[in-house]
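# Descriptive analysis of the structure
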Amino acid sequence: MPLNAVLEVEDNILATLDTFLRGLLEHGVVEYLLVPQATLAGDNVVQTLVHDMSRLQAVNPVAPVLPVNSAKLVSKLTVKGAPRPVGVVLRTCELRALVELVKLQQASLENVTVIVVDCLGTYEVADYAALVAAGCDPTAELLAQVRDGDLHPHGGYSFRAACQMCEYPVPDVADVHGPDIHLGLLGMDGRVLVTVRDDLAEPLGLTPTAIPEGRKTVVEELIRRRAAERDRRFAEFRSRVNDVEGLLAQFSTCIRCHNCMVACPICYCKECIARTTTFDHEPRQYFEWAERKGVVRMPVDTLMFHLTRLNHMATSCVGCGMCTSACPNDIPVSTIFRAVGEKVQAIFDYVPGRSLEEELPLATFREDELTELGEK
Amino acid sequence: MSEFEPRIVAFLCNWCTYTGADLAGTSRIQYPPNVRIIRLMCSGGLDPIYVTKALLEGADGVLIGGCHPGDCHYQSGNYKARRRVAILKSILEQLGFDPDRVWLRWISASEGQYFAETVTEMVAALKEKGPNPMRNLWGM
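Per chain, the residues get numbers from 1 upward, laid out in the order the sequence is written. Chain letters and ligand numbers both follow the written order, the letters beginning at A and the numbers at 1. Two thresholds apply to this predicted model, a pLDDT of at least 70 for residue-level local features and 80 or more for giving and counting side-chain atom pairs, whereas whole-chain, interface and lining totals are computed over all residues. Based on all heavy atoms of the structure, the side-chain values leave hydrogens and waters out of the count.

### Here's the deal with the overall build of chain A
Each helix is a run of H or I in the DSSP string that is no shorter than four residues. Each strand is a run of E no shorter than two, and both are numbered from the N terminus. Regarding its fold elements, chain A presents 14 helices and seven strands. When the backbone C-alpha atoms are referred to their principal axes, chain A occupies close to 75 × 55 × 40 Å. In what follows, a contact means two residues having at least one pair of non-hydrogen atoms within 4.5 Å. Sequence separation of at least 24 residues holds for 73% of the intrachain contacts in chain A that already meet a minimum separation of 6. Working definition of accessibility: Shrake-Rupley area with a 1.4 Å probe, residue cover restricted to the visible protein chains. Just so you have it, chain A exposes about 16900 Å², and 52% of that area is on carbon and sulfur atoms. Positive charges come from Lys and Arg alone, negative charges from Asp and Glu alone, with His and the N- and C-terminal ends not counted. Where a charge lies is defined by one atom per residue type, namely NZ (Lys), CZ (Arg), CG (Asp) and CD (Glu). Positive and negative charge centroids in chain A, built from 36 and 51 side chains respectively, lie 5 Å apart.

Written out as C-alpha coordinates, the structure is:
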(Lines give C-alpha, C1' and ligand atoms only; values in the text may rest on other atoms or scores of the structure.)
Protein backbone atom coordinates (compact mmCIF):
# COMPACT_ATOMS: atom_id res chain seq x y z
CA MET A 1 0.00 0.00 0.00
CA PRO A 2 1.35 3.45 -0.86
CA LEU A 3 1.73 5.82 2.02
CA ASN A 4 1.07 9.58 2.02
CA ALA A 5 3.07 12.31 3.73
CA VAL A 6 3.63 16.01 3.20
CA LEU A 7 6.79 18.08 2.85
CA GLU A 8 6.78 21.56 4.33
CA VAL A 9 8.02 24.23 1.93
CA GLU A 10 10.45 26.59 3.63
CA ASP A 11 12.00 28.51 0.77
CA ASN A 12 10.24 27.55 -2.42
CA ILE A 13 8.77 24.40 -3.97
CA LEU A 14 11.73 23.83 -6.27
CA ALA A 15 14.15 23.88 -3.33
CA THR A 16 11.94 21.41 -1.45
CA LEU A 17 11.91 19.04 -4.42
CA ASP A 18 15.68 19.42 -4.74
CA THR A 19 16.19 18.54 -1.07
CA PHE A 20 13.89 15.54 -1.29
CA LEU A 21 15.58 14.14 -4.42
CA ARG A 22 19.02 14.78 -2.92
CA GLY A 23 17.81 12.80 0.10
CA LEU A 24 17.28 9.71 -2.05
CA LEU A 25 21.01 9.64 -2.75
CA GLU A 26 21.90 10.68 0.80
CA HIS A 27 19.79 7.99 2.44
CA GLY A 28 21.10 5.37 0.03
CA VAL A 29 17.65 4.64 -1.42
CA VAL A 30 19.35 4.90 -4.82
CA GLU A 31 22.98 5.22 -5.90
CA TYR A 32 22.26 7.03 -9.14
CA LEU A 33 19.58 9.52 -10.07
CA LEU A 34 18.24 10.32 -13.52
CA VAL A 35 16.98 13.83 -12.93
CA PRO A 36 16.20 16.90 -15.07
CA GLN A 37 18.61 19.82 -14.63
CA ALA A 38 18.86 23.15 -16.39
CA THR A 39 21.70 23.30 -18.88
CA LEU A 40 24.56 25.76 -18.35
CA ALA A 41 22.96 28.11 -20.87
CA GLY A 42 19.75 27.88 -18.84
CA ASP A 43 17.48 27.78 -21.88
CA ASN A 44 16.78 24.05 -21.69
CA VAL A 45 16.24 21.43 -19.01
CA VAL A 46 17.58 17.97 -19.77
CA GLN A 47 17.87 14.65 -18.01
CA THR A 48 21.16 14.01 -16.24
CA LEU A 49 22.40 10.79 -14.69
CA VAL A 50 23.95 11.84 -11.41
CA HIS A 51 26.15 9.83 -9.07
CA ASP A 52 28.03 12.65 -7.35
CA MET A 53 25.58 14.56 -5.18
CA SER A 54 27.61 17.76 -5.48
CA ARG A 55 26.72 17.79 -9.18
CA LEU A 56 23.04 18.33 -8.41
CA GLN A 57 23.29 22.03 -9.13
CA ALA A 58 20.26 22.96 -11.22
CA VAL A 59 17.63 20.34 -10.43
CA ASN A 60 14.26 21.15 -11.98
CA PRO A 61 11.79 18.27 -12.36
CA VAL A 62 8.86 20.60 -13.10
CA ALA A 63 10.33 22.83 -15.82
CA PRO A 64 7.71 23.05 -18.57
CA VAL A 65 9.89 21.56 -21.29
CA LEU A 66 10.31 17.99 -22.52
CA PRO A 67 13.17 17.56 -25.00
CA VAL A 68 12.99 13.75 -25.01
CA ASN A 69 10.51 11.23 -23.65
CA SER A 70 12.71 9.88 -20.86
CA ALA A 71 11.29 6.37 -21.20
CA LYS A 72 13.79 6.07 -24.06
CA LEU A 73 16.58 7.05 -21.66
CA VAL A 74 15.47 4.60 -18.99
CA SER A 75 15.50 1.95 -21.73
CA LYS A 76 19.12 2.78 -22.45
CA LEU A 77 19.97 2.42 -18.75
CA THR A 78 18.00 -0.72 -18.02
CA VAL A 79 17.56 -2.79 -21.18
CA LYS A 80 19.98 -5.33 -19.75
CA GLY A 81 18.87 -4.65 -16.17
CA ALA A 82 20.14 -1.67 -14.15
CA PRO A 83 23.49 -2.70 -12.70
CA ARG A 84 23.05 -0.49 -9.60
CA PRO A 85 20.01 1.01 -7.83
CA VAL A 86 18.88 4.00 -9.83
CA GLY A 87 16.10 6.53 -9.32
CA VAL A 88 14.44 7.98 -12.40
CA VAL A 89 12.48 11.23 -12.23
CA LEU A 90 9.71 11.18 -14.81
CA ARG A 91 6.47 12.80 -15.93
CA THR A 92 3.36 10.64 -16.16
CA CYS A 93 3.61 10.34 -19.98
CA GLU A 94 7.18 9.11 -19.54
CA LEU A 95 6.15 6.59 -16.88
CA ARG A 96 3.35 5.31 -19.11
CA ALA A 97 5.72 4.94 -22.07
CA LEU A 98 8.19 3.18 -19.77
CA VAL A 99 5.54 0.65 -18.73
CA GLU A 100 4.98 -0.13 -22.43
CA LEU A 101 8.74 -0.44 -23.04
CA VAL A 102 9.06 -2.84 -20.10
CA LYS A 103 6.35 -5.01 -21.64
CA LEU A 104 8.12 -4.75 -25.00
CA GLN A 105 11.21 -6.03 -23.18
CA GLN A 106 13.14 -2.85 -23.91
CA ALA A 107 13.49 -1.74 -20.29
CA SER A 108 13.41 -3.22 -16.82
CA LEU A 109 12.18 -1.86 -13.50
CA GLU A 110 14.48 -4.07 -11.48
CA ASN A 111 16.79 -1.90 -9.34
CA VAL A 112 14.79 1.11 -10.54
CA THR A 113 12.92 3.52 -8.29
CA VAL A 114 10.40 5.48 -10.32
CA ILE A 115 9.76 9.01 -9.08
CA VAL A 116 6.97 10.97 -10.75
CA VAL A 117 6.33 14.66 -10.17
CA ASP A 118 2.98 16.28 -11.08
CA CYS A 119 3.31 17.68 -14.59
CA LEU A 120 2.37 21.29 -15.15
CA GLY A 121 2.47 21.05 -18.96
CA THR A 122 5.33 21.69 -21.37
CA TYR A 123 6.27 24.18 -24.08
CA GLU A 124 8.04 23.30 -27.31
CA VAL A 125 11.81 23.33 -26.69
CA ALA A 126 12.27 26.43 -28.87
CA ASP A 127 9.46 28.28 -27.08
CA TYR A 128 10.92 27.46 -23.67
CA ALA A 129 14.31 28.77 -24.80
CA ALA A 130 12.68 31.92 -26.18
CA LEU A 131 10.86 32.54 -22.89
CA VAL A 132 14.09 32.17 -20.92
CA ALA A 133 15.90 34.44 -23.37
CA ALA A 134 13.18 37.03 -22.79
CA GLY A 135 14.05 36.98 -19.09
CA CYS A 136 11.08 34.93 -17.99
CA ASP A 137 11.12 32.08 -15.42
CA PRO A 138 8.62 29.60 -16.90
CA THR A 139 8.90 27.25 -13.90
CA ALA A 140 8.17 29.91 -11.29
CA GLU A 141 5.21 31.18 -13.34
CA LEU A 142 3.59 27.75 -13.28
CA LEU A 143 4.47 26.91 -9.68
CA ALA A 144 2.49 30.01 -8.73
CA GLN A 145 -0.56 28.40 -10.35
CA VAL A 146 -0.42 24.90 -8.83
CA ARG A 147 -2.65 25.67 -5.87
CA ASP A 148 -5.80 26.36 -7.91
CA GLY A 149 -4.66 24.16 -10.80
CA ASP A 150 -5.72 26.68 -13.42
CA LEU A 151 -2.53 26.25 -15.39
CA HIS A 152 -2.09 28.68 -18.26
CA PRO A 153 0.90 29.38 -20.47
CA HIS A 154 2.82 32.63 -20.70
CA GLY A 155 0.96 35.24 -22.75
CA GLY A 156 1.42 34.72 -26.48
CA TYR A 157 2.67 31.16 -26.00
CA SER A 158 0.89 27.84 -25.75
CA PHE A 159 1.63 24.46 -24.24
CA ARG A 160 2.33 21.58 -26.59
CA ALA A 161 -0.90 20.24 -28.11
CA ALA A 162 -0.38 16.88 -26.40
CA CYS A 163 -0.17 18.62 -23.00
CA GLN A 164 -3.30 20.68 -23.63
CA MET A 165 -5.28 17.46 -23.97
CA CYS A 166 -3.41 15.33 -21.42
CA GLU A 167 -5.65 13.69 -18.81
CA TYR A 168 -2.65 12.48 -16.84
CA PRO A 169 -1.14 15.51 -15.09
CA VAL A 170 -0.84 13.25 -12.02
CA PRO A 171 0.06 9.57 -11.77
CA ASP A 172 -2.24 8.69 -8.86
CA VAL A 173 -5.23 7.82 -11.01
CA ALA A 174 -6.77 4.48 -11.89
CA ASP A 175 -5.35 4.14 -15.40
CA VAL A 176 -1.67 4.61 -14.52
CA HIS A 177 0.79 2.08 -13.12
CA GLY A 178 1.75 3.42 -9.69
CA PRO A 179 5.23 4.92 -9.34
CA ASP A 180 7.40 4.12 -6.29
CA ILE A 181 7.43 7.76 -5.28
CA HIS A 182 5.05 10.52 -6.31
CA LEU A 183 5.57 14.19 -5.58
CA GLY A 184 2.25 16.04 -5.79
CA LEU A 185 1.95 19.78 -6.30
CA LEU A 186 -1.46 20.40 -7.84
CA GLY A 187 -4.18 21.54 -5.48
CA MET A 188 -1.78 21.53 -2.53
CA ASP A 189 -1.87 24.14 0.20
CA GLY A 190 1.65 25.38 -0.51
CA ARG A 191 3.16 22.11 0.66
CA VAL A 192 4.27 19.08 -1.34
CA LEU A 193 2.48 15.74 -1.22
CA VAL A 194 4.71 12.67 -1.10
CA THR A 195 3.23 9.27 -1.81
CA VAL A 196 5.71 6.43 -1.43
CA ARG A 197 5.85 2.66 -1.46
CA ASP A 198 5.38 1.85 2.25
CA ASP A 199 8.88 0.38 2.71
CA LEU A 200 10.38 3.73 1.64
CA ALA A 201 8.68 5.78 4.36
CA GLU A 202 11.14 4.83 7.08
CA PRO A 203 14.43 5.35 5.22
CA LEU A 204 13.12 8.71 4.02
CA GLY A 205 11.95 9.71 7.51
CA LEU A 206 8.37 10.37 6.39
CA THR A 207 5.44 10.54 8.79
CA PRO A 208 2.16 9.32 7.34
CA THR A 209 -0.40 12.09 6.90
CA ALA A 210 -3.77 12.33 5.22
CA ILE A 211 -3.84 13.88 1.75
CA PRO A 212 -4.74 17.54 2.30
CA GLU A 213 -8.29 18.42 1.32
CA GLY A 214 -8.77 20.30 -1.88
CA ARG A 215 -6.23 18.46 -4.01
CA LYS A 216 -8.74 15.96 -5.30
CA THR A 217 -11.16 18.63 -6.54
CA VAL A 218 -8.43 20.66 -8.22
CA VAL A 219 -6.97 17.62 -9.97
CA GLU A 220 -10.38 16.37 -11.09
CA GLU A 221 -11.29 19.76 -12.50
CA LEU A 222 -7.98 19.96 -14.41
CA ILE A 223 -8.50 16.48 -15.84
CA ARG A 224 -12.06 17.38 -16.82
CA ARG A 225 -10.88 20.45 -18.75
CA ARG A 226 -8.12 18.46 -20.45
CA ALA A 227 -10.52 15.67 -21.43
CA ALA A 228 -12.90 18.24 -22.93
CA GLU A 229 -10.02 19.69 -24.97
CA ARG A 230 -9.07 16.17 -26.06
CA ASP A 231 -12.61 15.42 -27.21
CA ARG A 232 -12.75 18.73 -29.07
CA ARG A 233 -9.50 18.00 -30.89
CA PHE A 234 -10.51 14.42 -31.68
CA ALA A 235 -13.85 15.58 -33.08
CA GLU A 236 -12.12 18.23 -35.16
CA PHE A 237 -9.67 15.63 -36.51
CA ARG A 238 -12.50 13.23 -37.32
CA SER A 239 -14.43 15.88 -39.20
CA ARG A 240 -11.33 16.73 -41.26
CA VAL A 241 -10.52 13.10 -42.07
CA ASN A 242 -13.69 11.41 -43.25
CA ASP A 243 -12.40 10.20 -46.60
CA VAL A 244 -9.04 9.42 -48.18
CA GLU A 245 -8.77 12.91 -49.68
CA GLY A 246 -9.02 14.28 -46.15
CA LEU A 247 -6.33 11.88 -45.03
CA LEU A 248 -4.03 12.84 -47.90
CA ALA A 249 -4.51 16.49 -46.95
CA GLN A 250 -3.33 15.68 -43.40
CA PHE A 251 -0.05 14.28 -44.66
CA SER A 252 0.33 16.56 -47.67
CA THR A 253 3.31 18.34 -46.09
CA CYS A 254 5.05 15.18 -44.87
CA ILE A 255 8.64 14.92 -46.12
CA ARG A 256 9.08 11.42 -44.71
CA CYS A 257 12.01 12.45 -42.56
CA HIS A 258 11.02 9.79 -39.98
CA ASN A 259 11.44 12.33 -37.16
CA CYS A 260 8.10 11.27 -35.64
CA MET A 261 9.32 7.70 -35.51
CA VAL A 262 12.70 8.63 -34.04
CA ALA A 263 11.06 10.74 -31.32
CA CYS A 264 8.44 8.09 -30.48
CA PRO A 265 9.23 6.24 -27.24
CA ILE A 266 7.27 3.20 -28.41
CA CYS A 267 9.01 2.85 -31.80
CA TYR A 268 12.03 0.98 -30.52
CA CYS A 269 12.71 -1.44 -33.41
CA LYS A 270 16.39 -1.43 -34.32
CA GLU A 271 15.51 -2.61 -37.80
CA CYS A 272 12.36 -0.69 -38.58
CA ILE A 273 10.80 -1.92 -41.79
CA ALA A 274 10.57 1.70 -42.95
CA ARG A 275 14.35 1.91 -42.78
CA THR A 276 15.35 -1.42 -44.26
CA THR A 277 15.74 -2.09 -47.96
CA THR A 278 12.35 -3.88 -48.05
CA PHE A 279 10.71 -0.91 -49.74
CA ASP A 280 13.68 0.18 -51.83
CA HIS A 281 12.48 -0.43 -55.34
CA GLU A 282 14.24 -1.20 -58.61
CA PRO A 283 14.44 1.94 -60.76
CA ARG A 284 12.18 0.41 -63.39
CA GLN A 285 9.49 -0.12 -60.75
CA TYR A 286 8.94 3.66 -60.46
CA PHE A 287 8.56 3.93 -64.22
CA GLU A 288 6.07 1.09 -64.23
CA TRP A 289 4.00 2.78 -61.53
CA ALA A 290 4.08 6.06 -63.44
CA GLU A 291 3.01 4.21 -66.56
CA ARG A 292 0.18 2.38 -64.84
CA LYS A 293 -1.20 5.24 -62.77
CA GLY A 294 -0.06 8.15 -64.91
CA VAL A 295 1.57 9.84 -61.90
CA VAL A 296 3.16 8.85 -58.59
CA ARG A 297 4.20 11.01 -55.65
CA MET A 298 7.96 10.94 -54.98
CA PRO A 299 9.36 9.81 -52.65
CA VAL A 300 6.85 6.96 -52.59
CA ASP A 301 5.24 5.26 -49.58
CA THR A 302 4.75 8.36 -47.41
CA LEU A 303 1.25 7.46 -46.33
CA MET A 304 2.19 3.79 -46.06
CA PHE A 305 4.85 4.79 -43.54
CA HIS A 306 2.29 6.45 -41.26
CA LEU A 307 -0.31 3.70 -41.70
CA THR A 308 2.30 1.09 -40.83
CA ARG A 309 3.45 2.96 -37.78
CA LEU A 310 -0.19 3.16 -36.69
CA ASN A 311 -0.67 -0.58 -37.18
CA HIS A 312 2.49 -1.34 -35.24
CA MET A 313 2.23 1.03 -32.28
CA ALA A 314 -1.27 2.53 -31.96
CA THR A 315 -2.11 -0.04 -29.29
CA SER A 316 0.71 1.33 -27.11
CA CYS A 317 0.53 5.06 -27.97
CA VAL A 318 0.58 7.05 -24.72
CA GLY A 319 -0.05 10.39 -26.42
CA CYS A 320 3.13 12.09 -25.21
CA GLY A 321 3.16 14.17 -28.39
CA MET A 322 6.88 13.90 -29.08
CA CYS A 323 6.01 13.04 -32.72
CA THR A 324 4.18 16.32 -33.24
CA SER A 325 7.01 18.25 -31.59
CA ALA A 326 9.52 16.52 -33.86
CA CYS A 327 7.62 17.22 -37.06
CA PRO A 328 9.34 19.98 -39.06
CA ASN A 329 6.09 20.78 -40.86
CA ASP A 330 3.68 20.91 -37.93
CA ILE A 331 1.62 17.87 -38.90
CA PRO A 332 -0.55 17.03 -35.85
CA VAL A 333 0.82 13.48 -35.80
CA SER A 334 0.08 12.96 -32.13
CA THR A 335 -3.56 14.01 -32.36
CA ILE A 336 -4.04 11.59 -35.26
CA PHE A 337 -2.28 8.73 -33.50
CA ARG A 338 -4.05 9.33 -30.18
CA ALA A 339 -7.47 9.63 -31.78
CA VAL A 340 -6.98 6.46 -33.83
CA GLY A 341 -5.22 4.73 -30.96
CA GLU A 342 -8.10 5.40 -28.59
CA LYS A 343 -10.50 3.29 -30.67
CA VAL A 344 -7.94 0.57 -31.41
CA GLN A 345 -7.08 0.26 -27.72
CA ALA A 346 -10.78 0.10 -26.88
CA ILE A 347 -11.17 -3.09 -28.97
CA PHE A 348 -9.00 -4.85 -26.40
CA ASP A 349 -9.97 -2.75 -23.36
CA TYR A 350 -6.30 -1.83 -23.21
CA VAL A 351 -4.88 1.34 -21.68
CA PRO A 352 -1.19 1.83 -22.38
CA GLY A 353 0.80 2.50 -19.23
CA ARG A 354 -1.92 1.18 -16.96
CA SER A 355 -0.46 -2.09 -15.82
CA LEU A 356 2.62 -4.25 -16.14
CA GLU A 357 0.44 -7.36 -15.99
CA GLU A 358 -1.95 -6.62 -18.87
CA GLU A 359 -0.45 -8.18 -21.96
CA LEU A 360 0.27 -6.10 -25.06
CA PRO A 361 -2.66 -6.56 -27.46
CA LEU A 362 -0.34 -7.59 -30.28
CA ALA A 363 1.48 -10.14 -28.14
CA THR A 364 -1.51 -12.17 -27.11
CA PHE A 365 -4.99 -13.33 -28.18
CA ARG A 366 -8.10 -14.99 -26.89
CA GLU A 367 -9.73 -17.86 -28.69
CA ASP A 368 -13.25 -16.61 -28.03
CA GLU A 369 -12.83 -13.01 -29.23
CA LEU A 370 -13.52 -11.24 -32.56
CA THR A 371 -15.31 -14.35 -33.76
CA GLU A 372 -17.23 -12.43 -36.45
CA LEU A 373 -13.91 -11.87 -38.25
CA GLY A 374 -12.98 -14.63 -40.67
CA GLU A 375 -16.55 -15.88 -40.97
CA LYS A 376 -18.89 -15.11 -43.85
CA MET B 1 -16.68 0.74 -71.94
CA SER B 2 -15.86 -2.68 -70.57
CA GLU B 3 -17.21 -3.68 -67.18
CA PHE B 4 -15.07 -2.84 -64.14
CA GLU B 5 -13.01 -5.87 -63.16
CA PRO B 6 -11.81 -5.65 -59.54
CA ARG B 7 -8.24 -6.60 -58.75
CA ILE B 8 -7.81 -8.61 -55.58
CA VAL B 9 -4.52 -9.30 -53.86
CA ALA B 10 -4.79 -12.46 -51.77
CA PHE B 11 -2.41 -13.44 -48.97
CA LEU B 12 -3.01 -17.12 -48.31
CA CYS B 13 -1.45 -19.39 -45.74
CA ASN B 14 0.51 -22.32 -47.11
CA TRP B 15 -1.18 -25.02 -45.07
CA CYS B 16 -4.88 -24.29 -45.46
CA THR B 17 -6.16 -21.60 -47.79
CA TYR B 18 -3.42 -21.85 -50.43
CA THR B 19 -3.89 -25.60 -50.51
CA GLY B 20 -7.66 -25.00 -50.69
CA ALA B 21 -7.10 -22.73 -53.68
CA ASP B 22 -4.95 -25.43 -55.22
CA LEU B 23 -7.73 -27.94 -54.67
CA ALA B 24 -10.18 -25.60 -56.40
CA GLY B 25 -7.82 -25.64 -59.36
CA THR B 26 -7.15 -29.36 -59.51
CA SER B 27 -10.88 -29.99 -59.06
CA ARG B 28 -11.56 -27.71 -62.08
CA ILE B 29 -13.86 -25.50 -60.01
CA GLN B 30 -14.47 -22.25 -61.88
CA TYR B 31 -13.94 -18.91 -60.14
CA PRO B 32 -13.25 -15.38 -61.45
CA PRO B 33 -9.64 -14.70 -62.48
CA ASN B 34 -9.54 -11.40 -60.58
CA VAL B 35 -7.36 -12.64 -57.75
CA ARG B 36 -3.54 -12.47 -57.54
CA ILE B 37 -2.39 -14.93 -54.93
CA ILE B 38 0.66 -14.51 -52.69
CA ARG B 39 1.52 -17.56 -50.61
CA LEU B 40 2.63 -17.08 -47.01
CA MET B 41 3.65 -19.75 -44.54
CA CYS B 42 1.03 -18.46 -42.07
CA SER B 43 -1.62 -15.72 -41.92
CA GLY B 44 0.03 -14.77 -38.62
CA GLY B 45 3.15 -13.83 -40.56
CA LEU B 46 1.40 -11.11 -42.55
CA ASP B 47 2.55 -7.63 -41.59
CA PRO B 48 -0.33 -5.16 -42.17
CA ILE B 49 2.16 -3.06 -44.15
CA TYR B 50 1.62 -5.33 -47.16
CA VAL B 51 -2.14 -4.98 -46.97
CA THR B 52 -1.92 -1.19 -46.78
CA LYS B 53 0.64 -1.17 -49.59
CA ALA B 54 -1.75 -3.10 -51.82
CA LEU B 55 -4.66 -0.80 -50.99
CA LEU B 56 -2.60 2.36 -51.45
CA GLU B 57 -1.36 1.09 -54.81
CA GLY B 58 -4.96 0.72 -55.92
CA ALA B 59 -5.87 -2.92 -55.31
CA ASP B 60 -9.66 -3.04 -55.07
CA GLY B 61 -9.66 -5.69 -52.40
CA VAL B 62 -7.33 -7.73 -50.20
CA LEU B 63 -8.20 -11.27 -49.18
CA ILE B 64 -6.39 -12.80 -46.23
CA GLY B 65 -6.85 -16.54 -45.90
CA GLY B 66 -5.89 -18.71 -42.96
CA CYS B 67 -6.67 -22.00 -41.26
CA HIS B 68 -9.88 -22.27 -39.23
CA PRO B 69 -9.53 -21.24 -35.56
CA GLY B 70 -7.91 -24.10 -33.68
CA ASP B 71 -6.41 -25.58 -36.86
CA CYS B 72 -3.35 -23.35 -37.32
CA HIS B 73 -0.32 -25.36 -38.40
CA TYR B 74 1.68 -23.20 -35.97
CA GLN B 75 -0.94 -23.45 -33.18
CA SER B 76 -1.99 -19.79 -32.91
CA GLY B 77 -0.86 -17.78 -35.97
CA ASN B 78 -4.42 -17.27 -37.19
CA TYR B 79 -5.55 -15.88 -33.83
CA LYS B 80 -2.75 -13.33 -34.02
CA ALA B 81 -3.72 -12.53 -37.60
CA ARG B 82 -7.29 -11.96 -36.44
CA ARG B 83 -6.16 -9.32 -33.93
CA ARG B 84 -4.01 -7.59 -36.53
CA VAL B 85 -6.88 -7.53 -39.00
CA ALA B 86 -9.21 -6.09 -36.34
CA ILE B 87 -6.68 -3.31 -35.68
CA LEU B 88 -6.08 -2.71 -39.39
CA LYS B 89 -9.78 -2.46 -40.17
CA SER B 90 -10.34 -0.02 -37.31
CA ILE B 91 -7.46 2.16 -38.55
CA LEU B 92 -8.64 2.04 -42.18
CA GLU B 93 -12.17 2.97 -41.21
CA GLN B 94 -11.06 5.85 -39.01
CA LEU B 95 -8.88 7.26 -41.77
CA GLY B 96 -11.52 7.29 -44.47
CA PHE B 97 -10.81 3.99 -46.20
CA ASP B 98 -13.47 1.37 -46.78
CA PRO B 99 -12.56 -1.45 -44.34
CA ASP B 100 -14.80 -3.86 -46.23
CA ARG B 101 -12.25 -4.02 -49.02
CA VAL B 102 -10.24 -6.23 -46.66
CA TRP B 103 -11.60 -9.74 -46.14
CA LEU B 104 -10.35 -12.29 -43.66
CA ARG B 105 -11.58 -15.83 -44.30
CA TRP B 106 -10.81 -19.17 -42.72
CA ILE B 107 -10.60 -21.69 -45.56
CA SER B 108 -9.18 -25.16 -45.02
CA ALA B 109 -7.18 -27.32 -47.43
CA SER B 110 -10.29 -29.39 -48.20
CA GLU B 111 -12.51 -26.39 -48.93
CA GLY B 112 -11.73 -25.80 -52.61
CA GLN B 113 -15.39 -25.12 -53.28
CA TYR B 114 -15.58 -22.59 -50.45
CA PHE B 115 -12.46 -20.84 -51.76
CA ALA B 116 -14.03 -20.49 -55.20
CA GLU B 117 -17.28 -19.25 -53.67
CA THR B 118 -15.40 -16.72 -51.54
CA VAL B 119 -13.57 -15.25 -54.54
CA THR B 120 -16.80 -15.15 -56.57
CA GLU B 121 -18.61 -13.43 -53.72
CA MET B 122 -15.77 -10.96 -53.16
CA VAL B 123 -15.58 -10.02 -56.83
CA ALA B 124 -19.33 -9.36 -56.84
CA ALA B 125 -19.09 -7.26 -53.67
CA LEU B 126 -16.21 -5.22 -55.09
CA LYS B 127 -18.01 -4.67 -58.39
CA GLU B 128 -20.81 -3.24 -56.32
CA LYS B 129 -18.37 -0.91 -54.54
CA GLY B 130 -16.59 0.17 -57.70
CA PRO B 131 -12.88 0.87 -58.08
CA ASN B 132 -10.67 1.72 -55.12
CA PRO B 133 -10.45 5.54 -55.07
CA MET B 134 -6.69 5.23 -54.46
CA ARG B 135 -6.30 4.13 -58.09
CA ASN B 136 -6.66 7.67 -59.28
CA LEU B 137 -5.06 9.51 -56.36
CA TRP B 138 -1.34 10.09 -56.28
CA GLY B 139 -0.68 12.09 -53.12
CA MET B 140 0.19 9.15 -50.93
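### Looking at unusual backbone geometry
It is generally the case that most residues other than glycine have a negative phi and that most peptide bonds are trans. Residue and element names in this part refer to chain A. The omega torsion of the bond from Met 298 to Pro 299 falls at -10°, within 30 degrees of zero and hence cis. The residue Pro 299 is located in the loop between helix H11 (283-293) and helix H12 (302-313) in this model. Positive phi values are uncommon outside glycine, yet Asp 349 reaches one of about 50°. Counting through the fold element by element, Asp 349 comes out in the segment after helix H14 (333-347).

### Comments concerning the sheet that holds strand E2 (residues 32-38) of chain A
By definition, the strands of a sheet pair up through backbone hydrogen bonds, in either a parallel or an antiparallel sense. Residue and element names in this part refer to chain A. DSSP-based pairing: two strands are paired if at least 2 bridges between them are found. Here seven strands make up an open sheet; going across it, the order is E1-E7-E6-E5-E4-E2-E3 and the pairing mixed. Taken across any chain shown, the strands that pair with only one partner, and hence form the sheet edges, are strand E1 (2-7) and strand E3 (45-50). If you compare each strand with its neighbour and ignore which way they point, the axes differ by 25° on average. Sheet topology places E2 next to E3; six bridges connect them, and they run antiparallel. Its bridge partner lying in E3, Ala 38 is registered against Val 45. Throughout, an axis means a line fitted to C-alpha atoms (over the contacting stretch in the case of helices), and angles, computed between N-to-C directions, take values from 0 to 180 degrees.

### A closer look at the state of the cysteines
Residues and elements named next belong to chain B. Throughout, disulfides are identified as pairs of cysteine sulfur atoms within 2.5 Å of each other. This model, assessed by the stated rule, comprises one disulfide over all chains. Cys 16 shares a disulfide with Cys 67; S-S distance 2.5 Å. For the disulfide bridge between Cys 16 and Cys 67, the dihedral angle about the S-S bond is near 100°, and by the sign convention the bridge is right-handed. With Cys 16 in the loop between strand E1 (8-13) and helix H1 (17-26) and Cys 67 in the loop between strand E3 (61-66) and helix H3 (77-94), this pair connects stretches of sequence that are 51 residues apart.

### Digging into the environment of Pro 69 of chain B
Residues and elements named next belong to chain B. On the secondary structure map, Pro 69 appears in the loop between E3 and H3. Exposure remark for Pro 69: the relative accessible area of 31% places this residue in the partly exposed category. Sequence separation of Pro 69 and Trp 106 is 37 residues, and the distance between their C-alpha atoms is 7.6 Å. Here's how the labels work: a residue is buried when its accessible area is under 20% of the maximum for its type, exposed when over 50%, partly exposed in between, all with a 1.4 Å probe on protein chains only.

### Notes on the side chain of Arg 297 of chain A
With respect to the secondary-structure elements, Arg 297 of chain A resides in the loop between H11 and H12. Put simply, Arg 297 of chain A is tucked away with no salt bridge, and the nearest opposite charge, on Asp 301 of chain A, sits 10 Å away. Within polar-contact distance, the side chain of Arg 297 of chain A engages the backbone oxygen of Cys 254 of chain A at 2.8 Å. Beyond its immediate stretch of four places on either side in the chain, Arg 297 of chain A contacts Phe 251, Ser 252, Cys 254 and Thr 302 of chain A together with Trp 138, Gly 139 and Met 140 of chain B. Each salt bridge in this description consists of a side-chain nitrogen of Lys or Arg and a carboxyl oxygen of Asp or Glu lying within 4 Å of one another. Residues adjacent in sequence count toward polar contacts only when both atoms are side-chain atoms; beyond that, a polar contact is any pair of N or O atoms within 3.5 Å, and within protein one must be able to donate a hydrogen and the other to accept it.

### Quick notes on the pairing of E3 of chain B
All names here are of chain B. A large share of E3 lies buried, amounting to six of its six residues. In this structure, E3 lies alongside strand E4 (residues 102-106), joined through five bridges in parallel fashion. Residue pairing in the sheet places Gly 65 in a bridge with Arg 105 of E4. Here is how to tell: hold the view so the strands point away, follow the path from the first strand over the helix to the second, and if it runs clockwise the crossover is right-handed. A crossover links E3 with its parallel partner E4, the connecting element being H3, and its sense is right-handed.

### Some points on the environment of Val 59 of chain A
Residue and element names in this part refer to chain A. Topologically, Val 59 is positioned in the loop between E3 and helix H2 (71-78). What makes Val 59 buried here is its relative accessible area of 7%. The spatial distance from the C-alpha of Val 59 to the C-alpha of Glu 357 is 33 Å, given a sequence separation of 298 residues. Residue contacts for Val 59: discarding those within four places in its chain leaves Leu 14, Asp 18, Leu 21, Val 35, Pro 36 and Gln 37.

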